[in-house]
Amino acid sequence: MTMTKSLFVLLSACALVVDAFQAPSFTTHTAFTTTTSTRSKETALFASRAARKAKTRKAWMIKRGFLAPDGGPAPTIEKGEEGLEYVKLVHPDTGATSDIYLYGGVVTSYVVDGHEYIAVRPDAKMDGSKPISGGLSHCWPQFGPGEIQQHGFARNVMWTVKEQTATNVVLEMLPSDYTKEMWDKEFKCTFTVTLEADKLNTKMVVDNVGEEDSFDFQAALHSYFTVSSLDKLEITGSFEGKEFLNKMVGDEGEMQTEDRSAITISEEYDRVYKGVNDPVLKDAGAEKTLEILNTAGYEDTVLWNPYGNEGMGFNNFVCVESVKFDPVTLEAGGQWVGEMALKASSMGGEEDEP
């Protein structure tokens, strides 16, 4: 065999060896590519199903208050500087906020577009040593002086959180040894605060859970509202021509008739307007308006201000109280509902938009 022929044979053999190795390699690569493509499709399918499940689970948790509407954790109970617990509501679209303290079940703040509408007096005790002087303070089961302590006990007992979401809280008050000592009745009170896009809603529900005995009560929200200055404030509504009890006259007060359509305050005030429940606060100094919408239960309005008392901060708040002055008789199994909402707007008439 010549050298040329031998070289040809050797190269042919090498080519066969190369072909033998390449063919299986090519087949294996094709199978691997097909498997990878199938697995990618399966992974995408599983990911899609997992995403749908996660979305459904999130919607379920938001609906039941475990998550806020933005997907973050639901609001928790916070503590004030002096240790009292409160719930903060935050509207996800407008940014409006509201604070509700468990002690007394009192709403102490409602902020819209940077404006605070609810006042707390500078001399208020926020440590539970006495009722909070300010906010939407409960007077129940008594308004003013009477057989039990001034304004009853609802404002100086702890309420319990029964339900809570980012924009809603339901509080409950039940009889305790403390309340039974002064008023031994079978009752259940629930107070619901809901922060909507354009207003703050409150709902007080009183149930007689007894099986036989009725009981009588009065109810009020002793509401404190911020003002830039009393000389910039007008209070309108259906006051003109209505009789009212001016409690600043004599020992028992005096019935008088209101001759103004817009009320201004330039002296100490404590006046009961029965049959008036549509007050509107117009604060020219802050260029803001607040409508007090009493839609159920609260039939009367009380105006109160300790004019001249610097320690109470008289010039920067007014009490416009939603009241059921005449006692309610609630039969066993009966229920009473009081609903009041706050609607804020600018002096120009357009609603504040946070």
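Structural data are supplied above this passage.
Keep in mind it's a predicted model, so treat the numbers as computed, not measured.

For Gly-241, the position within the fold is in the loop between β12 (233–236) and β13 (243–246). Residues Gly-241 and Gln-256, spaced 15 residues apart in sequence, show a C-alpha to C-alpha distance of 9.8 Å. Ignoring anything within four residues of it in the chain, the contact list for Gly-241 reads Thr-257 and Glu-258.

Here the focus is the state of the cysteines. Following the criterion strictly, the structure yields 0 disulfides and no others. Cysteine Cys-319 is unpaired, with the sulfur of Cys-139 as its nearest cysteine sulfur at 9.4 Å. Accessibility expressed as a relative area gives 0% for Cys-319, which makes it buried.

Before going further, it helps to spend a moment on the pairing of strand β11 (residues 215–226). Most of β11 sits inside the fold, with 11 of its 12 residues counted as buried. Inspection of the sheet shows strand β6 (residues 136–139) paired to β11 by 4 bridges, in the antiparallel sense. Residue pairing for β11: Ser-137 is matched across the bridge by His-222. Across 9 bridges, the pairing between β11 and strand β20 (residues 317–330) is antiparallel. Counterpart to Leu-221 in the pairing with β20 is Ser-322.

Turning next to the nonpolar core. The biggest cluster of nonpolar side chains holds 59 residues, and the ones touching the most others in it are Trp-140, Phe-217 and Leu-342. Non-local contacts of Phe-217, meaning those with residues more than four positions away in its chain, are made with Trp-140, Pro-141, Trp-183, Val-206, Pro-327, Val-328, Leu-330 and Trp-336. Leu-84, Tyr-101, Val-106 and Ile-132 belong to the second-largest nonpolar core, a separate cluster that totals 8 residues.

Bringing the sheet that holds β12 into the picture now. Pairing is antiparallel in the open sheet, where 9 strands are placed in the order β7-β8-β9-β10-β21-β18-β17-β12-β15. Whereas interior strands pair on both sides, the edge strands pair on one side only; in this sheet they are β7 (160–164) and β15 (262–263). Across 4 bridges, strand β17 (residues 280–283) lies against strand β18 (residues 288–296) in antiparallel orientation. Directly across from Val-280, in β18, lies its bridge partner Glu-291.

Our next topic: the pattern of salt bridges. Here the structure, examined in full by the defined rule, presents 10 salt bridges. Ionic pairing is found between Asp-99 and Lys-88, a salt bridge with its closest N-O pair at 2.8 Å. On the criterion of sequence distance, the pair formed by Asp-99 in strand β3 (residues 97–101) and Lys-88 in strand β2 (residues 85–90) is long-range, its members being 11 residues apart. Each member of the salt-bridge network shares a partner with another, and the members are Glu-196, Asp-198, Lys-199 and Lys-343.

Conventions used here
- Throughout, residues of each chain are indexed from 1 in the direction in which the sequence is written.
- In view of the model being predicted, local features appear only for residues whose pLDDT reaches at least 70, and side-chain atom pairs are presented and counted only at 80 or more, with totals across whole chains, interfaces and linings using the full set of residues.
- Each side-chain value is worked out from all heavy atoms of the structure, with water and hydrogens disregarded.
- Where helices and strands are cited, they refer to DSSP runs of H or I of at least four residues and of E of at least two residues respectively, numbered from the N terminus.
- The criterion used for residue contact is that any of the two residues' heavy atoms lie within 4.5 Å.
- Two cysteine sulfurs form what is called a disulfide whenever their separation falls within 2.5 Å.
- Three labels apply to residues, based on accessible area from a 1.4 Å probe with only protein chains included: buried if under 20% of the type maximum, exposed if over 50%, partly exposed otherwise in between.
- By the convention used here, strands pair only if DSSP detects at least 2 bridges between them.
- To form a nonpolar core, buried Ala, Val, Leu, Ile, Met, Phe, Trp, Tyr and Cys residues must be joined to one another through side-chain atoms within 4.5 Å.
- Throughout this description, the term salt bridge denotes a Lys or Arg side-chain nitrogen within 4 Å of a carboxyl oxygen of Asp or Glu.

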